[in-house]
Amino acid sequence: MANFKLWKSEELQRLRSESDRMFDRLCSGLGLPSVCQPLMEPALRMIDTPDAVVVEAQLPGVTAEDLDIVITGSVLLVRCAQSATCGIGESSSRYESRFMLPCKIRTEEVEAELDEGVLRITMPKCRRPEARRVPVRTGRAG
């Protein structure tokens, strides 16, 4: 089921990006001035590895100060608030996304890195207790 959600999210993001590009072409074809683009929903993907859950997001133009990342229980919340100034004024945009994490994670070891517009959140998984065979003792002979 997680793969279906990932595909659905990626497909919806692709459709939205295509419609944004069409709108931009239409506006420029009509000679309308360039408008500050609000922060669009970024392309996100969740990668479930044996040791960690990794979330990557494309966030061009975003700084670390624009981001707020919170983990509560099994939910990851990524918020972004950004302001920009362009030729016709100032605009601000907000983005918020919540993810249900597929397993428990070690919150004290979570790391987030923003590099050239790509946010990468690495969340180490809690270690599952290993199966252990329990020997059964017999009563004392006596």
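Residues numbered from 1 in each chain as written. Predicted model: local features only at pLDDT ≥ 70, side-chain atom pairs only at ≥ 80, totals over all residues. Heavy atoms only, no water.

Visitor: How would you summarise the overall build of the protein chain if you had to cite specific residues and measurements?
Guide: Counting secondary structure elements, the protein chain contains 1 helix and 7 strands. Buried residues in the protein chain amount to 24% of all 142 residues. Counted over contacts in the protein chain with a minimum sequence separation of 6, partners at least 24 positions apart contribute 49%. Summed over its atoms, the accessible surface of the protein chain is roughly 11000 Å², and 53% of this surface lies on carbon and sulfur atoms. (Helix = DSSP H or I, 4+ residues; strand = E, 2+ residues; numbered from the N terminus. Buried < 20%, exposed > 50% of the residue type's maximum accessible area, 1.4 Å probe, protein only. Contact = heavy atoms within 4.5 Å. Areas by Shrake-Rupley, 256 points an atom, 1.4 Å probe, with all protein chains shown as cover.)

Visitor: Explain the side chain of Lys125 to me, using residue names and the numbers behind them.
Guide: Mapped onto the fold, Lys125 is located in the segment after strand S7 (118-124). Look past the residues within four positions of Lys125 in its chain and what remains in contact with it is Asp48, Thr49, Pro50, Asp51, Ala52, Val53, Cys103, Lys104, Ile105 and Arg106.

Visitor: Mind laying out the confidence of the model for the protein chain, listing which residues take part and the relevant values?
Guide: Taken over all residues, the pLDDT of the protein chain has a mean of 78, while the share at 70 or more is 71%. For residues 33-40, every residue scores under 50 in pLDDT, and the model assigns this stretch 15 contacts once sequence neighbours within four places are set aside. (pLDDT = per-residue confidence, 0-100.)

Visitor: Provide a residue-level description of the sheet that holds strand S6 (residues 111-115), including the pertinent values.
Guide: The 4 strands lie next to each other as S1-S2-S7-S6, forming an open sheet whose pairing is antiparallel. Strands with a single pairing partner mark the edges of an open sheet, and in this sheet they are strand S1 (44-48) and S6. Each strand of the sheet is rotated relative to its neighbour by a mean of 15°, with strand direction disregarded. (Pairing = 2+ DSSP bridges. Axes fitted to C-alpha atoms, helices over the stretch in contact; angles between N-to-C directions.)

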